[in-house]
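Below, each chain spelled out in residue letters.
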Amino acid sequence: MVLLFAFPIPHSNYSAGMTTITALLCLHLLLFTVVRVNSIEPSSSSEDPYKILNIIPNPDGTFTRLQNYPETPPSPDPTLPISVLSKDLTIDQSKHTWARIYLPRQALNTPPNHPNLPLIVFYHGGGFIFYHANSTYFHDFCVRMANATQSVVVSVDYRLAPEHRLPVAYEDSVQALHWIRASNDLWLAHADFSRCYLMGESAGGNIAYNAGLRAAAEADQIRPLKIKGMILIQPFFGGKKRTPSELRLAKDLNLPLAVTDSMWKLSLPVGADRDHEYSNPTVNGGAKVLASIRELEWRVAVFGVMGTSWWTARRSS
């Protein structure tokens, strides 16, 4: 069973774009698997987190990830018989950050000086540790999203932990918004910057939330980009106190609790625990900037699932 939760942020006009995105995400949660770390074996929380996550630390401070996840190259050629074109652009060469842009083919029939497509800024999942914007699962998801909603999608490739612990991913994600705002790219010229949505799945949902908090605090600095809402797909949050679902699925075959504990241990600032504001958004009554989000009249949708039936569906897909 799929559950949809929405934060009660008042807005008199619920945009058609948001309605379309919501419907599509419900369909995706029903028909497609959420990305999983399929190289991980169930382990106890006392084991070495590097062993659990199948990564090896290197002398230079980087890590070798032993599992190779499929990647898909971009398809920018407009002569190809595809519904959505894609290309990669550098955001910050010094940080090795970049983005994959998805453009519905039909947009090529519209002059770029008449932007009319919603803009979705997407942050991929992977526990802050794995995957990239070109990972096949997320590439395919963004293609479907761009085609079904007729939106320009910008999938951000942020720096990963443990090499770059939080808040680096948040900083990269906000920098991407400034990059989009100032870009003169012809594909982005098809996007209506006044209809921008931040979206993320799992760790990407956490990033979309935290990038959104930062964007709300500097809304004037990212104009003409105007964020209309956040779409968080199973966002990766958690505190020191175990939730009932964490206890029930502690030894789940797909994503045991020891794995999520390890991801947090390797992603949070050194010395931080699970009640840090990056992992537990309810700490100290929640972020004060949430009031700004209400004033800006953003819509916020949070997608989650019922535990046992969803994991069963994942295993069978």
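Remember, it's a predicted structure, so these values are computed and weren't measured experimentally.

## A look at the overall build of the protein
Here is step 1 of the chain: When its secondary structure is counted, the protein shows nine helices and ten strands.
Here is step 2 of the chain: A total of 317 residues make up the protein; the buried ones form 50% of that total.
Here is step 3 of the chain: For the protein, long-range pairs separated by at least 24 residues make up 78% of all intrachain contacts whose partners lie at least 6 apart in sequence.
Here is step 4 of the chain: Accessible area of the protein: about 14,500 Å², with a carbon and sulfur share of 56%.

## Remarks on the packing of aromatic side chains
Here is step 1 of the chain: Inspection of the entire model under this criterion finds twelve aromatic pairs.
Here is step 2 of the chain: Centroid distance Tyr137 to Phe138: 5.1 Å. Interplanar angle 85 degrees. Geometry classified as edge-to-face.
Here is step 3 of the chain: With a relative accessible area of 1%, Phe138 lands in the buried category.
Here is step 4 of the chain: Ring geometry for Tyr209 versus Phe237: centroids 5.5 Å apart, planes at 90 degrees, classification edge-to-face. With Tyr209 in helix α5 (residues 203-217) and Phe237 in the loop between β9 (227-233) and α6 (244-248), this pair connects stretches of sequence that are 28 residues apart.
Here is step 5 of the chain: The class for Tyr209 is buried, based on a relative accessible area of 6%.
Here is step 6 of the chain: Taking NZ or CZ as reference, Lys87 lies 4.5 Å from the ring centre of Trp187, over its face.

## Describing the pairing of strand β5 (residues 97-104)
Here is step 1 of the chain: β5 sits mainly inside the fold: eight of its eight residues count as buried.
Here is step 2 of the chain: Neither face of β5 is exposed, since Thr97, Ala99, Ile101 and Leu103 on one face and Trp98, Arg100, Tyr102 and Pro104 on the opposite face are all buried.
Here is step 3 of the chain: As judged from the eight bridges shared by strand β4 (residues 84-92) and β5, these two strands associate in the antiparallel manner. Within β5, the residue paired with Leu89 across the bridge is Ala99.
Here is step 4 of the chain: As defined by bridge partners, β5 adjoins strand β7 (residues 152-157) across five bridges and the pair is classed as antiparallel. Pairing of Trp98 across the sheet is with Asp157, part of β7.

## A word on the pattern of salt bridges
Here is step 1 of the chain: For the structure shown, the criterion picks out ten salt bridges.
Here is step 2 of the chain: Salt-bridge contacts for Asp172 lead to Arg159; the nearest nitrogen and oxygen are separated by 2.8 Å. Pair noted here: Asp172 is in helix α4 (residues 168-182) and Arg159 is in the loop between β7 and α4, with a separation of 13 residues, a long-range link.
Here is step 3 of the chain: What makes Arg159 buried here is its relative accessible area of 18%.
Here is step 4 of the chain: Overlapping salt bridges, with partners in common, bring together Arg242, Glu246, Asp261 and Arg274 in one network.

## Looking at the nonpolar core
Here is step 1 of the chain: Leu119, Val121, Tyr123, Val154, Ile180 and Leu198 are the most contacted members of the largest nonpolar core, which totals 81 residues.
Here is step 2 of the chain: Tyr123 has contacts with Val156, Ser173, Leu177, Leu198, Met199, Gly200, Glu201, Gly204, Ile207, Ala208 and Ala211, leaving out every residue within four places of it along the chain.

Calculation notes
- Sequence order sets the numbering: in each chain, residues are counted from 1 along the sequence as written.
- Local features in a predicted model are, by the rule used here, given only for residues with pLDDT of at least 70; side-chain atom pairs are given and counted only at 80 or more, and totals for whole chains, interfaces and linings are based on all residues.
- Values reported for side chains reflect all heavy atoms of the structure, with hydrogen atoms and water molecules removed beforehand.
- Runs of H or I in DSSP of at least four residues are treated as helices and runs of E of at least two as strands, each being numbered from the N terminus.
- Under the scheme applied here, a residue whose accessible area is under 20% of the maximum for its type counts as buried, over 50% as exposed, and between as partly exposed, the area being computed with a 1.4 Å probe on protein chains only.
- Whether two residues touch is decided by their heavy atoms; if any such pair falls within 4.5 Å, the residues are in contact.
- Using a 1.4 Å probe, the Shrake-Rupley method yields the accessible areas, and only the shown protein chains count as cover for residues.
- Side-chain rings of Phe, Tyr and Trp (the six-membered ring for Trp) are treated as a pair once their centres are within 6.5 Å; stacked means planes under 30 degrees apart, edge-to-face means over 60, and tilted covers the remaining angles.
- Note on geometry: a ring has a charge over it if NZ (lysine) or CZ (arginine) is within 6 Å of the ring centre and within 35 degrees of the ring normal.
- Strand pairing follows a simple DSSP-based rule, namely that at least 2 bridges must link the two strands.
- Salt bridge, as used here: a side-chain nitrogen of Lys or Arg that lies within 4 Å of a carboxyl oxygen of Asp or Glu.
- Put simply, buried Ala, Val, Leu, Ile, Met, Phe, Trp, Tyr and Cys residues joined by side-chain atoms within 4.5 Å make one nonpolar core.

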